[in-house]
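Observations on chain architecture
What follows is the residue order along each chain.
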Amino acid sequence: MTDVEYLRAAIAEAQAAEANGEVPVGAVVVHENKIIGRGQNRVLRDSDPTAHAEIVALREAGLALKNYRLEDCTLYATLEPCAMCAGAILHARIARLVYAAPDPKAGACGSVLSVLNHPQLNHKLDLLPGLLAEECGALLTNFFRKRRLEKSSARILGKEAPTQEAPMTTRKPKKKWSAKVATDSTHPDQGLFNQSASTIAKELASKKVSPKGPASGMRMLNFYINRAGKNLSASRHTELEKAKTLLSEIIARQKSKSPAKTAKKTQRKAAKKSPSKTPRKTASKKSSTK
């Protein structure tokens with residue numbers, strides 16, 4: 001079997017985890033071309049914060065070999081391991097790690113931390129990141145999007161549920177949702193980052209996406225580039241960099257206009273104060289003539 005086939009076995013574990021309400025992450029351990037350990041996310045079912053897919057697979061592999069040292073073994077995971085799992089991989093002396101999607105929030109293989117192959121640690125292993133990254137990334141993205149939609153639907157249904165059976169109370173009614181945007185930015189339309197540089201810059205600078213200014217749009221663009229990482233093609237990366245340049249120009253133009261606005265406000269304040277001083281002077285002149 002090839003790396004892709006073993007990784008697809010890990011994807012099957014991730015799909016089984018999702019079917020049981022867990023975050024879809026899966027892993028398998030291979031020794032001498034044979035899967036000796038399978039794991040899927042089990043933190044909710046087992047009420048165990050350590051029951052990540054990699055840990056579960058390592059435990060099963062250790063029992064299969066009757067040894068906590070898993071030398072000459074390869075671990076396949078659908079998501080970049082976290083710091084806990086990376087530490088377990090080191091202690092198990094895994095020889096090779098193949099993982100699919102990067103984890104920009106908790107990845108310990110270079111995305112956030114670099115636990116593996118640290119120069120001060122003894123054990124070194126071969127790394128193959130990014131295999132089937134798009135497929136595994138989509139699995140996670142769709143899972144969290146579906147979860148957000150379910151939570152949103154639950155809130156809406158909760159508000160619209162019939163209240164005939166509920167007893168009358170004297171509680172104050174809840175405040176209605178306000179349409180005013182208080183956050184730094186909203187989410188852009190799906191597929192925006194696949195458009196041209198000018199379109200991306202224009203949308204990210206608009207009040208619809210960035211109500212507090214294009215600087216928040218720039219942060220959004222940088223976050224997308226960092227999260228997409230190696231999954232971006234060279235042409236798409238170039239287009240996104242052009243968008244950053246255009247956004248920087250928009251931000252610079254706004255900054256250049258702000259001193260002029262400040263000067264106008266100062267002039268207006270001075271103009272409002274000046275009429276109040278004039279009657280005092282005329283009054284003093286009349287008193288002197290008398």
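Let me begin by describing the structure that accompanies this report. No experiment lies behind these values; they were computed from the predicted model shown.

Turning our attention to the overall build of the chain. Scanning the chain for helices and strands turns up eight helices and five strands. Ordering the α and β elements of the chain from the N terminus gives α-β-β-α-α-β-α-β-β-α-α-α-α. In the chain, which comprises 290 residues, the proportion classed as buried is 32%. The contacts in the chain between residues at least 6 apart in sequence include a share of 58% that link residues at least 24 apart. Total accessible area on the chain stands at roughly 19500 Å², and carbon and sulfur atoms take up 54% of it.

Within the structure shown, the criterion is met by three aromatic pairs. Between Tyr6 and Tyr76, the aromatic rings sit 5.3 Å apart at their centres with planes inclined by 35°, giving tilted as the arrangement. Of this pair, Tyr6 sits in helix H1 (residues 3-19) while Tyr76 sits in strand E3 (residues 73-79), and the two are 70 residues apart along the sequence. Each of the two residues, Tyr6 as well as Tyr76, counts as buried. For the pair Phe193 and Tyr224, a centre-to-centre distance of 4.2 Å together with 10° between the ring planes defines the contact as stacked. One end of the pair, Phe193, is in the loop between helix H5 (133-160) and helix H6 (197-205); the other, Tyr224, is in helix H7 (residues 214-228), with 31 residues separating them in the sequence. When its relative accessible area of 12% is taken as the criterion, Phe193 is described as buried.

Our focus in this paragraph is the nonpolar core. One finds Val29, Ile89, Ile94, Leu97 and Leu116 to be the most contacted residues of the largest nonpolar core, which totals 37 residues. Every element with two or more residues in this core is listed here: H1, strand E1 (26-31), helix H3 (53-65), E3, helix H4 (83-91), strand E4 (96-101) and H5. When residues no more than four places from it in sequence are discounted, the contact partners of Ile94 are Leu58, Leu70, Cys73, Leu75, Ile89, His123 and Leu125. Core analysis: the second largest hydrophobic core is formed by 19 residues, Leu192, Leu204, Ala205 and Ile225 among them.

Take H3 next. With 13 residues, H3 should cover 18 Å at 1.5 Å per step; its first-to-last C-alpha distance of 19 Å lies within 8% of that length. Where H3 is buried, its residues touch E1, strand E2 (35-40), E3 and H4.

Before going further, it helps to examine the packing of H6 against H7. Packed helix pairs are specified by the crossing angle of their axes together with the interaxial distance, meaning the distance between the axes. Across the interface, H6 lies against H7 with an axial gap of 7 Å and an inter-helix angle of 125°. By the angle class used here, H6 and H7 are oblique. Residue-level inspection shows Ile200, Leu204 and Ala205 of H6 in contact with H7, the latter providing Pro214, Gly217, Met220 and Leu221. Among the residues making up the contact of H6 with H7, the classes are represented as six nonpolar, one polar and no charged.

A separate point is the sheet that holds E3. Across a sheet, paired strands are connected by hydrogen bonds in the backbone, their directions being either parallel or antiparallel. Strand order in the open sheet made by the five strands is E2-E1-E3-E4-E5, with mixed pairing throughout. At either end of the open sheet lies a strand with only one pairing partner, and these are E2 and strand E5 (126-129). Across the sheet, the mean angle separating the axes of adjacent strands is 15° when strand polarity is ignored. As paired strands, E1 and E2 are joined by five bridges and run antiparallel to one another.

Let us look at the pairing of E1. Burial runs high along E1: six of the six residues are buried. Residues Gly26, Val28 and Val30 point to one face of E1 and Ala27, Val29 and His31 to the other, with burial holding for every one of them. What sits between E1 and E2 in their antiparallel hairpin is a turn of three residues, with Glu32 showing a positive phi close to 55°. Bridge analysis of E1 against E3 gives five bridges, and the strand direction is antiparallel.

Parameters and conventions
- Along each chain, the written sequence defines residue order, and numbers are assigned to residues from 1.
- Totals for whole chains, interfaces and linings use every residue, but because this is a predicted model, local features are given only for residues with pLDDT of at least 70 and side-chain atom pairs only at 80 or more, for both listing and counting.
- To obtain the side-chain values, all non-hydrogen atoms of the structure were used and water was disregarded.
- Only runs of H or I of at least four residues qualify as helices and only runs of E of at least two qualify as strands under DSSP, and these elements are numbered from the N terminus.
- Relative accessible area decides the class of each residue, using a 1.4 Å probe on protein chains only: under 20% of the type maximum gives buried, over 50% gives exposed, and in between gives partly exposed.
- The contact rule is simple, with two residues in contact once any of their heavy atoms fall within 4.5 Å.
- All accessible areas in this document rest on Shrake-Rupley with a 1.4 Å probe, and a residue is counted as covered only by the protein chains that are shown.
- For Phe, Tyr and Trp, where Trp contributes only its six-membered ring, two rings pair if their centres lie within 6.5 Å, and the inter-plane angle classes them as stacked under 30 degrees, edge-to-face over 60, or tilted in between.
- Side-chain atoms within 4.5 Å link the members of a nonpolar core, which is a set of buried Ala, Val, Leu, Ile, Met, Phe, Trp, Tyr and Cys residues.
- A helix is expected to reach a length of 1.5 Å times the quantity of its residues less one.
- Only the contacting stretch of a helix is used when fitting its axis, a line to C-alpha atoms as for every element, and angles between N-to-C directions run 0 to 180 degrees.
- Should an angle lie under 35 degrees it is considered roughly parallel, over 145 roughly antiparallel, and from 65 to 115 roughly perpendicular; all remaining angles are considered oblique.
- In the scheme used here, Gly and all other residues not listed as nonpolar or charged are polar, with Ala, Val, Leu, Ile, Met, Phe, Trp, Tyr, Cys and Pro taken as nonpolar and Asp, Glu, Lys and Arg as charged.
- What makes two strands pair is DSSP finding at least two bridges between them.

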